[in-house]
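Tertiary structure, described
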Amino acid sequence: QVQLVESGGGLVQAGGSLRLSCSASGNIFSINVMGWYRQASGKQRELVATITGDDNTNYADSVKGRFTISRDDAKNTVYLQMNSLKPEDTAVYYCKFIVNLRNAGAYQYWGQGTQVTVSS
């Protein structure tokens, strides 16, 4: 089984920065896609950013130019650097990995979520 553990959330003032981390453990052969999603109170979960095994990245329009996703394959870790934070970025942020297991196929796993709160 694969488990994702997130860290780095917290309370920050508008204009500030945070860096989220998500590390996977388990019998992982390779990681195909890493991504970050967020869900604000009363709203649906939305994609924030993804990064593929060949380092192709995609971002939601709302975060382009402010957020950067990166990966460290040696540590099975994905990062989300968030700059110029706005109150509307307030949400629970979830990481998601699509992984290839050593003796199985590809499966999707989610982190536990970390709260990001941006104050005025």
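Scroll up for the structure.
Below you will find a few notes about this structure. (Residues numbered from 1 in each chain as written. Predicted model: local features only at pLDDT ≥ 70, side-chain atom pairs only at ≥ 80, totals over all residues. Heavy atoms only, no water.)

**Observations concerning the environment of Asp54**
Put simply, the rule reads: Secondary structure elements are taken from DSSP: a helix is a run of H or I of four residues or more, a strand is a run of E of two residues or more, and numbering for both begins at the N terminus. Three labels apply to residues, based on accessible area from a 1.4 Å probe with only protein chains included: buried if under 20% of the type maximum, exposed if over 50%, partly exposed otherwise in between. Under the rule applied, a polar contact is a pair of N or O atoms within 3.5 Å (in protein, one hydrogen donor and one hydrogen acceptor; residues adjacent in sequence only if both atoms are side-chain atoms).
Considering the arrangement of structural elements, one finds Asp54 in the loop between β5 (46-52) and β6 (57-59). We classify Asp54 as exposed; its relative accessible area is 56%. Distance from Asp54 to Asn32, taken between C-alpha atoms, is 8.6 Å for residues 22 residues apart in sequence. Side chain to side chain, Asp54 and Thr52 meet in a polar contact 2.4 Å long.

**Quick word on the state of the cysteines**
For clarity, the threshold we go by: Note on terminology: disulfide denotes any pair of cysteine sulfur atoms within 2.5 Å.
For the structure shown, the criterion picks out one disulfide. A sulfur-sulfur distance of 1.9 Å marks the disulfide that ties Cys22 to Cys95. On the sign convention where negative is left-handed, the bridge of Cys22 and Cys95, at about 55° about the S-S bond, is right-handed. With Cys22 in strand β3 (residues 18-25) and Cys95 in strand β9 (residues 91-101), this residue pair connects regions lying 73 residues apart in the sequence. In terms of burial, Cys22 and Cys95 fall into one category: buried.

**Digging into the sheet that holds strand β1 (residues 3-7)**
Filter applied, for reference: For two strands to pair, DSSP has to find at least two bridges joining them. With axes taken as lines fitted to C-alpha atoms, and helix axes fitted only over the stretch in contact, angles between N-to-C directions fall between 0 and 180 degrees.
One open sheet holds the four strands; their spatial order is β1-β3-β8-β7, and the pairing between them is antiparallel. Each of the sheet's edge strands pairs with one partner strand only, and the pair in question is β1 and β7 (67-72). Across the sheet, the mean angle from the axis of one strand to that of its neighbour is 15°, orientation sign disregarded. Pairing geometry for β3 and strand β8 (residues 77-82), over six bridges, is antiparallel. If you follow Ser23 over to β8, its bridge partner there is Thr77.

**Some thoughts on the packing of aromatic side chains**
Here is the rule we go by: Here a pair means two rings of Phe, Tyr or Trp (six-membered ring of Trp) with centres within 6.5 Å. Their orientation is stacked below 30 degrees between planes, edge-to-face above 60, and tilted elsewhere. Note on criteria: charge over ring means Lys NZ or Arg CZ within 6 Å of the ring centre, with the direction from the centre no more than 35 degrees off the ring normal.
One pass over the structure, following the stated rule, counts one aromatic pair. Looking at Arg45, its charged tip hangs above the ring of Tyr94, at a distance of 3.7 Å from the centre. Its guanidinium or amino end placed over the ring of Trp110, Arg45 lies 4.7 Å from that ring's centre, counting from NZ or CZ.

**Some words on the side chain of Glu6**
For clarity, the cut-off: In this tally, Lys and Arg are treated as positive and Asp and Glu as negative; His is ignored, and so are the chain termini. Salt bridge criterion: a side-chain nitrogen from Lys or Arg within 4 Å of a carboxyl oxygen from Asp or Glu. Any two residues having at least one pair of non-hydrogen atoms within 4.5 Å are treated as being in contact.
Examined against the element boundaries, Glu6 turns out to sit in strand β1. No salt bridge is formed by the buried Glu6; the nearest opposite charge belongs to Arg45, separated by 7.8 Å. Contacts of Glu6, omitting those with residues within four sequence positions, involve Ser21, Cys22, Trp36, Tyr93, Tyr94, Cys95, Gly111, Gln112, Gly113 and Thr114.

**Let's talk about the nonpolar core**
What counts, and what does not: Side-chain atoms within 4.5 Å link the members of a nonpolar core, which is a set of buried Ala, Val, Leu, Ile, Met, Phe, Trp, Tyr and Cys residues.
Ranked by size, the top nonpolar core spans 31 residues in total, and within it Trp36, Val78, Leu80, Met82, Tyr93 and Phe97 carry the most contacts. Taken together, the elements giving at least two residues each to this core come down to β3, β4 (28-39), β5, β7, β8, β9 and β11 (114-119). Among the elements that make up this core, the one with the highest residue count is β9 (six residues).

**Overview of the pairing of β8**
Within β8, five of the six residues are buried, which leaves it mostly tucked inside the rest of the structure. Pairing of β7 with β8 involves six bridges; the strand directions are antiparallel. Considered in β8, the bridge of Thr68 is made with Gln81. Between β7 and β8, which pair antiparallel in sequence order, lie four residues; one of them, Asn76, sits at a positive phi of approximately 50°.

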